[in-house]
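Now for the letters of each chain:
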Amino acid sequence: MNIALLGFGTVGSYFYRLTEGRTDLRVAAVLSRRPRPELTCTVTADFDEIVRDPSIGIVVEVMGGLEPAYSYLCAAMRAGKHVVTANKQLMCAHYEDLVSLAAECGVSLRCTASAGGGIPWLTSLSRAARLDEIIAVEGILNGTTNYMLSAMTENGTGYDAALREAQALGYAEADPTADVEGLDARRKLVLSANLAFGVSVREEDIPCVGISSITAQDIAQAGKKELIFKLIARAERHGGKVAAFVCPTLFPASAPEAHTGGTGNIVTFCAKRFGTQSFSGAGAGGYPTGSSVLADCLDIADGCKSFYVDRFAPCRIDLSGCDACWLYRANGEYFTCKCSAAHAFERYEQFRKEDSHALLARIAGDAAEELC
Ligand code: HSE
């Protein structure tokens, strides 16, 4: 099957390498603004040339951003081409439109690389959701912040130095605000919750606290109780309601999340009857992410002609039934509180009016029983 590749950055170039020498899939065209004499396929700056080419079966989009990626993918699907994307921002912003258009056009739409990088998280999760009722999904879904928190915890690295190191590894988004303020993890959570629960939730409805308020003192205080900070994205279903949030979370040192260091990701679903399954591995990087894109293309070549789910119900976020133990730091004081996530985030917003660097963190596992 012939592929047109839109974008030739890290993921695009590694995906291209992974297809070289294969006989089942071939990159026949690359959309690129600049000439790429090193490539043996067609290189064009004109998307219309790609969309009009009847030999192209799959359009792979790894350009990032909303436009022109959205227009290109819609045009590709309308032209009867299957689509694979690694673009979580696009999939979140236009989830309903893109999923509906794929169904209308009878083409496949896959985005496995957009959450969990090289981990087959979205495919495993959507398969599990067909087998059983998913109650919750949770995990470390951002490599940049996990690298930073690991460096700050294990080596005492300062926040700015840790961010620079993470950027040097090439994991951070173009604007690292999306990483450190939790927006990247929130986009991955939206896709996870949508597939897990058969819903469509809005990114902007999900409360999101990143890692920028975590200080060396916070880490040291937590360390005295053998607790470790991780940035966690979590969604739960309570009857017809979905609760979801992104927030720093304190784990006991024995928890698998606490052992997930560097740029690693770990993500877990909890199913009603068959229990909990966790997936861990490289959440970003050229070969891991390129491999997920390739896996989607292979699924399409093997006959997959749809999105992961065939239905979704628009759903509002409701945090009222989602109780947990929370740690706050405001005006130099630490205290804990057991309450709903709705109350926790409201209270945190109040504290932030007085102290813009206030901290909110959920306390997970047995530590919650001891501290709240
Ligand atoms: N900025 C993202 C991360 C890249 O750090 O996880 C992978 O989606």
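Please refer to the structure higher up on the page.
The text that follows walks through the structure, step by step, so that each part is easy to find. (Residues numbered from 1 in each chain as written. Predicted model: local features only at pLDDT ≥ 70, side-chain atom pairs only at ≥ 80, totals over all residues. Heavy atoms only, no water.)

Focus: the packing of aromatic side chains
Consideration 1: Tallying each qualifying case throughout the model produces 16 aromatic pairs.
Consideration 2: Between Phe8 and Tyr16 the ring centres are 5.6 Å apart and the planes differ by 70 degrees, which places this aromatic pair in the edge-to-face class.
Consideration 3: Arranged with centres 5.4 Å apart and planes meeting at 70 degrees, the rings of Phe335 and Phe351 form a pair that is edge-to-face. Of the two residues, Phe335 sits in strand 15 (residues 333-340) while Phe351 sits in helix 13 (residues 341-354), which places them 16 residues apart along the sequence. (Phe/Tyr/Trp six-rings, centres within 6.5 Å; stacked < 30°, edge-to-face > 60°. Helix = DSSP H or I, 4+ residues; strand = E, 2+ residues; numbered from the N terminus.)

A look at the state of the cysteines
Consideration 1: Scanning the entire structure with this criterion turns up one disulfide.
Consideration 2: Disulfide partner of Cys325: Cys372, at an S-S distance of 1.6 Å. Where Cys325 bonds to Cys372 through sulfur, the torsion about that S-S bond is close to 70 degrees, and the disulfide is right-handed. You can see Cys325 sitting in strand 14 (residues 323-330) and its partner Cys372 sitting in the segment after helix 14 (366-371), a full 47 residues away along the chain.
Consideration 3: Among the residues examined, Cys325 registers a relative accessible area of 4% and is labelled buried. (Disulfide = S-S within 2.5 Å. Buried < 20%, exposed > 50% of the residue type's maximum accessible area, 1.4 Å probe, protein only.)

Some thoughts on the site of the ligand
Consideration 1: Every residue near the ligand is listed here: Lys88, Asn142, Gly143, Thr144, Tyr171, Ala172, Glu173, Asp179, Asp184, Lys188, Gly283 and Ala284.
Consideration 2: Residue Asn142 places a side-chain N or O atom 3.4 Å away from an oxygen atom belonging to the ligand.
Consideration 3: Within the side chain of Lys188, a nitrogen or oxygen atom sits 2.8 Å from an oxygen atom of the ligand.
Consideration 4: Considering the ligand on its own, with 260 Å² of exposed area, one finds that the protein chains cover 91% of that surface.
Consideration 5: When contributions to the shell around the ligand are tallied by element, the ones reaching two or more residues are helix 7 (143-154) and helix 10 (183-197).
Consideration 6: Considering only residue class, the shell around the ligand consists of three nonpolar, four polar and five charged. (Near = heavy atom within 4 Å. Polar contact = N/O pair within 3.5 Å; in protein donor to acceptor, adjacent residues only side chain to side chain. Areas by Shrake-Rupley, 256 points an atom, 1.4 Å probe, with all protein chains shown as cover. Nonpolar A, V, L, I, M, F, W, Y, C, P; charged D, E, K, R; others polar.)

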